Amino acid sequence: MNSATVFAPSPTLTVTIESHPSGDDVHLHAGGQGVWQARMLTLLGVDVTLCALLSGESGLVIRTLLEREGITIDAIERGDRGSAYIHDRRDGERRTIAEQRATTPGRHEMDELYSLTLSRGIDTGLVVLSGPPHDEIPVEIYHRLASDLRRGGARVVVDLAGERLDAALRGGVSILKLSDEELAADESGGSTADLTERMSELRSRGAETVILTRASQPALLLDAEGLAEIAVPRFEIADHRGAGDSLTAGVVAGIARGQTVREAVTLGAAAGALNVTRHGLGTGHRDAIEGLRDQVSVRVVESAATPADGRVTPDDLAAMTTPEQTGRGREAL
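Okay, so let's go over this structure. (Residues numbered from 1 in each chain as written. Predicted model: local features only at pLDDT ≥ 70, side-chain atom pairs only at ≥ 80, totals over all residues. Heavy atoms only, no water.)

Right, let's talk about the side chain of T213 for a bit. Tracing the chain through its elements places T213 in strand β11 (residues 207-214). The exposure class assigned to T213 is buried, which follows from its relative accessible area of 16%. If we skip the residues at most four places from it in the chain, T213 touches K177, L178, S179, D180, A219 and L247. (Helix = DSSP H or I, 4+ residues; strand = E, 2+ residues; numbered from the N terminus. Buried < 20%, exposed > 50% of the residue type's maximum accessible area, 1.4 Å probe, protein only. Contact = heavy atoms within 4.5 Å.)

Set out below in structure tokens:
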């Protein structure tokens, strides 16, 4: 089934002002982490159901914009303030003119959103849990959703940090994607050995597979089979924001097609790499992404000494052998 559910609890209405030869150019878009992920999933041919709270006037506009993009919206509507911002980019830099934070939802609204997401997620069998722009959503819902969705047979993918990540891990997740900055925010050292040891700790805490992005360096993937390094060609960056969300969406799109995580990560890497060449987050051309996928290089690190629980220590890494590059793209994985 080529479908997925995205939990996007608090979408954002974005208003961007840019320069144009004929005068100011004003753009309205739906935004936020879950929206960017849903947009890329739709671009890659996945039927997406987005579960969200839609608030007030901004919620009405967000629904209209997303439905025009072909994204199915299952929402709890309310009359309070929703998330929104206005950015001025007329001089080439992004400057915030105004920002509105969403009103914290009540218990009954969160119960309705939880039930909606659980039902849709079990139906599709594949769910992305995304975070809100601020702190308006209670953290504990991530634990409950991760736990109950997996009990219902769904695969759960998260791109979270901090308390929300901790909560989701307590429930257990199929795939965790995060950046090295998020992983090492309160730690010193960023060597492959250090990062891999922390990734193995995340596996022991409830993540079956951990994907770690490292800016200009190849991404790392750690699962029960061991460690893999994923690299893509480097492009001139128009906007680095949203690359991680596009990578997550690409991985989910591959899984929705029936691929393994190690196959799907090449599609995710291609989607993330191309997204930085554009100003629109979660945007791109499907043919270009599919074409770049064959240029994703993979270096696999294998070791029979890797423990079954996925823990990898610096001593384990020292004992690992690194074979010659075994191929390109999904064939190497």
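So that's the structure; there's more coming.
We now examine the pattern of salt bridges. Per the stated rule, a full pass over the model turns up 19 salt bridges. Residue R63 pairs with E77 through a salt bridge whose shortest N-O separation is 3.0 Å. Placement of the pair is R63 in helix α2 (residues 56-68) and E77 in strand β5 (residues 72-78), with a sequence separation of 14 residues. Residue R151 pairs with D148 through a salt bridge whose shortest N-O separation is 2.9 Å. A residue pair is termed a helical-turn pair when its members lie 3 or 4 positions apart in one helix, as R151 and D148 do in helix α4 (residues 140-151) at three residues. A relative accessible area of 66% places R151 in the exposed class. Overlapping salt bridges bring together D24, D88, R90 and R95 as one network. (Salt bridge = Lys/Arg side-chain N within 4 Å of Asp/Glu carboxyl O.)

The next subject is the sheet that holds β5. In space, the 10 strands of this open sheet follow the order β5-β4-β1-β8-β9-β10-β11-β12-β13-β14, with mixed pairing throughout. Taken across any chain shown, the strands that pair with only one partner, and hence form the sheet edges, are β5 and β14 (297-301). Shown here is a sheet whose adjacent strand axes are inclined to one another by a mean of 20°, direction ignored. Both strand β13 (residues 226-231) and β14 contribute to a ladder of five bridges, which runs antiparallel. Residue A228 lies in a different strand from β14, and its bridge partner there is V300. (Pairing = 2+ DSSP bridges. Axes fitted to C-alpha atoms, helices over the stretch in contact; angles between N-to-C directions.)

Before going further, it helps to spend a moment on the packing of helix α1 (residues 33-43) against helix α8 (residues 243-256). Viewed as axis vectors pointing N to C, α1 and α8 meet at an angle of 45°, and their least axial separation amounts to 8 Å. The orientation of α1 relative to α8 falls into the category oblique. Where α1 crosses over α8, the two elements pack in a sense that is right-handed. Contact with α1, carried on its side by Q33, W36, Q37, M40 and L41, involves D245, S246, T248, A249, V252 and A253 of α8 and no other residues of that element. Looking at side-chain class alone, the contact of α1 with α8 contains six nonpolar, four polar and one charged residues. (Parallel < 35°, antiparallel > 145°, perpendicular 65-115°, else oblique. Left-handed = near helix turned anticlockwise from the far one by under 90°. Nonpolar A, V, L, I, M, F, W, Y, C, P; charged D, E, K, R; others polar.)

Any link to function would need more than the numbers given here.
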